[in-house]
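# Descriptive analysis of the structure
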Amino acid sequence: MAANIITTEDLEEFRIKLLSEIKDLLVTNGRIGIDQWIKSGQVMNKLEISPGTLQNFRINGTIPFSKLGGIIYYDVEKINEILENNEIDFKGKAA
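Residues numbered from 1 in each chain as written. Predicted model: local features only at pLDDT ≥ 70, side-chain atom pairs only at ≥ 80, totals over all residues. Heavy atoms only, no water.

Quick look at the confidence of the model for the chain now. Considering every residue of the chain, the mean pLDDT works out to 86; 88% of them sit at 70 or more. Averaged over each element, pLDDT in the chain is lowest for helix 1 (residues 8-28) (88) and highest for helix 3 (residues 51-59) (96). (pLDDT = per-residue confidence, 0-100. Helix = DSSP H or I, 4+ residues; strand = E, 2+ residues; numbered from the N terminus.)

Rendered as structure tokens:
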């Protein structure tokens, strides 16, 4: 019986391929969206707000969020919707 030797490089290559295939399956089946979820720092940069303001937005329900393992995530599409719904026209009136 012939013995096959599996190296660390073989295992790393297998891991990369497996993760890539799982990601492709999830994306094609609509289970996840690439870059759909962003973290607090990205939201603060996008909206140009402080951590305290972002926390107030979470508390009063202005910005919906999900929390997983102590990390807070925000749906980019919902952030964009909030911005569009609160757009003010050039005359200073709400759109």
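Still more ground to cover, so stick around.
Turning to the pairing of strand 3 (residues 71-75), a few remarks are in order. Where strand 1 (residues 37-39) meets strand 3, three bridges bridge the pair, whose relative direction is antiparallel. Bridge pairing in strand 3 links Ile-38 to Tyr-74. The pairing of strand 2 (residues 66-68) with strand 3 spans three bridges and is antiparallel. Across the sheet, residue Leu-68 finds its bridge partner in strand 3, namely Ile-71. (Pairing = 2+ DSSP bridges.)

On to the sheet that holds strand 3. Whether parallel or antiparallel, the strands of a sheet pair through hydrogen bonds between backbone atoms. If you walk across this open sheet you meet the three strands as 1-3-2, and the pairing is antiparallel. The sheet is open, and its two edges are formed by strand 1 and strand 2, each paired on a single side. Each neighbouring strand pair of the sheet contributes to a mean axis angle of 40°, computed without reference to strand direction. (Axes fitted to C-alpha atoms, helices over the stretch in contact; angles between N-to-C directions.)

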